[in-house]
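The lines below spell out each chain.
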Amino acid sequence: LLQAATIRQMFSPRTPMLSADDTTKVVGHYGLGWALKEEPLGRGKTGVVARHGGALPCTAASLMHFPNGVNLAVLFNLGQSADGKFLGRHIEAPLSQLVRSHEPFFEP
């Protein structure tokens, strides 16, 4: 549906995302609809992982795109945990680790 040039634009850094604790520290970038962050992929490699999430009081979703073309979509029937935190943020790190830990993630 999308041309290759359009996909490259979506995943190209546009605006720096600053740390909540230190507004001088860039922790990633925002692309066209995606939060982009350079992350370790294992075996000394790094790559940009793209994420987009959203929530309503009774639902939440998190989308992740990895540099090897793996895409994950996670849907919740609850928007927030009991402490008020967005559920998508709780699951992204373990899912990212799971994807990185599988051999097919790496190029031959």
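Refer to the structure printed above.
(A) The pattern of salt bridges, seen in detail. On inspection of all chains with the given rule, the structure shows two salt bridges. Of the charged contacts, one joins E39 and R51 as a salt bridge, the two residues approaching to 2.6 Å between their closest N and O atoms. Of this pair, E39 sits in strand β3 (residues 35-42) while R51 sits in strand β4 (residues 45-56), placing them 12 residues apart in sequence. For E92, the salt bridge identified is with R51, shortest N-O distance 3.5 Å. One end of the pair, E92, is in helix α2 (residues 87-100); the other, R51, is in strand β4, with 41 residues separating them in the sequence.

(B) Here's a closer look at the sheet that holds strand β6 (residues 71-76). Spatially, β1-β2-β3-β4-β5-β6 is the arrangement adopted by the six strands of the open sheet, whose pairing is antiparallel. Every other strand in the sheet has two partners, leaving β1 (15-18) and β6 as the edge strands with one partner each. Neighbour to neighbour, the strand axes of the sheet diverge by 35° on average, direction disregarded. Two elements, β1 and strand β2 (residues 26-30), share four bridges in a ladder whose sense is antiparallel. If you follow M17 over to β2, its bridge partner there is G28. Here α2 sits on the sheet and contacts β3, β4, β5 (59-65) and β6; the angle it forms with β6, its principal contact strand, is near 150°.

Reading the values: rules and limits
Residues numbered from 1 in each chain as written. Predicted model: local features only at pLDDT ≥ 70, side-chain atom pairs only at ≥ 80, totals over all residues. Heavy atoms only, no water. Salt bridge = Lys/Arg side-chain N within 4 Å of Asp/Glu carboxyl O. Helix = DSSP H or I, 4+ residues; strand = E, 2+ residues; numbered from the N terminus. Pairing = 2+ DSSP bridges. Axes fitted to C-alpha atoms, helices over the stretch in contact; angles between N-to-C directions. Contact = heavy atoms within 4.5 Å.

Note that all results are geometric; they support no functional claim without further evidence.
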